[in-house]
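Read off the chains here:
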Amino acid sequence: MEEAEKLILGDPREALSQLSPEAVVMYVEVALLTARRDESASRVTDIFFQRVEQEDQFYCRALLAKASIEERKIRERELKGDENFNQVNQAFSFVKRAIEIAAKAENKAKYQFIIYNASIKTWQIIRGLMRPGWSKYLVDILEKISNLLEEADDFDFNWRCRYLNCLVKAMFDAEKKPEALKVFDKLVDLTKKKGNCNF
């Protein structure tokens with residue numbers, strides 16, 4: 001890790017000419033797993049976005065890594081209330097961009113794993129706000145991810161149920177009872193087709 005860091009941060013232009021985008025993104029992902037290299041990972045992703053323009057799976061993975069970096073700032077800075085919500089939106093903006101790329105017609109089939117990974121990342125970002133008084137602000141995010149998971153008809157049925165359940169709660173919190181009941185009906189229909197949820 002130290003050698004990769006020296007190479008990438010020492011001369012970013014040279015490093016990106018020598019290393020594949022895959023290698024750079026893998027460094028960032030591993031750096032984030034250590035939980036001690038967030039600052040380096042953030043610098044590398046910034047350099048990556050300055051130098052790499054091809055919006056492929058590695059670009060999407062870099063966006064999801066950047067979302068993780070932004071999400072961790074909530075805990076590091078002990079953000080509360082509006083500051084927390086603003087940082088959630090900042091983190092989700094990177095997930096949203098990854099989703100936009102993955103959901104393009106030419107990418108849908110091959111990038112379904114990006115959609116699934118984006119849903120996991122989104123959950124990590126928003127779960128702290130899934131409570132009365134705040135979840136109403138998450139309706140759009142939850143609806144977007146729920147629709148994408150439904151469209152992908154992902155194998156992880158319980159994960160889809162979790163999102164639908166949270167969307168129902170968020171809509172009730174937002175006083176959107178008719179919309180909430182429609183989503184609840186969708187959840188019931190899903191369990192009739194696939195069995196009981198376990199989440």
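These numbers come from a predicted model, not from an experiment.

Q: Honestly, the environment of Thr-122 in this entry has me stumped. Any pointers?
A: Tracing the backbone through its elements, the reader meets Thr-122 in helix α7 (residues 112–126). Taking C-alpha positions, Thr-122 is 24 Å from Lys-177, a pair spaced 55 residues apart along the chain. Excluding residues that lie within four positions of it along the chain, Thr-122 makes contacts with Phe-92, Val-95, Ile-141, Ile-145 and Tyr-163.

Q: Which parts of the structure should I look at to understand helix α5 (residues 57–76)?
A: Note on helix geometry: an α-helix contains 3.6 residues per turn, so any two residues three or four positions apart are oriented the same way. Here α5 spans 29 Å end to end across 20 residues, near enough to the 28 Å set by a 1.5 Å rise per residue. Of all the 20 residues making up α5, 17 are buried; the element is thus mostly covered by neighbouring parts of the structure. Following α5 by one or two positions, Glu-78 has its phi on the positive side, about 50 degrees.

Q: Is there a simple way to think about the pattern of salt bridges in this case?
A: Oppositely charged side chains are able to pair whenever their charged atoms sit close together. Enumeration over the complete set of coordinates arrives at eleven salt bridges. A salt bridge links Arg-72 to Asp-38; the nearest nitrogen and oxygen atoms lie 2.7 Å apart. Pair noted here: Arg-72 is in helix α5 and Asp-38 is in helix α4 (residues 38–51), with a separation of 34 residues, a long-range link. The same class applies to Arg-72 and to Asp-38, which are both buried. We note a salt bridge from Lys-73 to Glu-70, for which the minimum N-O separation is 3.0 Å. Of this pair, Lys-73 and Glu-70 both sit in helix α5, separated by three residues, roughly a single helical turn. For the pair shown, Lys-73 and Glu-70 are each scored as buried.

Q: Would you mind showing me how to read the environment of Ser-42 here?
A: In this fold, Ser-42 is placed in helix α4. Residue class for Ser-42 comes out buried when judged on its relative accessible area of 14%. Along the backbone, Ser-42 and Ala-65 are 23 residues apart, and their C-alpha atoms lie at a distance of 8.5 Å. When neighbours within four sequence positions are excluded, Ser-42 is seen to be in contact with Lys-66 and Ile-69.

Q: Explain unusual backbone geometry to me, please; I cannot follow it from the model alone.
A: For residues that are not glycine, phi is negative in most cases, and the peptide bond is trans in most cases. Of note in the backbone geometry, Glu-78 takes a positive phi value of approximately 50 degrees without being a glycine. Within the fold, Glu-78 resides in the loop between α5 and α6 (81–102). By relative accessible area, Glu-78 is classed as exposed at 62%.

Definitions and limits used
Residues numbered from 1 in each chain as written. Predicted model: local features only at pLDDT ≥ 70, side-chain atom pairs only at ≥ 80, totals over all residues. Heavy atoms only, no water. Helix = DSSP H or I, 4+ residues; strand = E, 2+ residues; numbered from the N terminus. Contact = heavy atoms within 4.5 Å. Expected span 1.5 Å × (residues − 1). Buried < 20%, exposed > 50% of the residue type's maximum accessible area, 1.4 Å probe, protein only. Salt bridge = Lys/Arg side-chain N within 4 Å of Asp/Glu carboxyl O.

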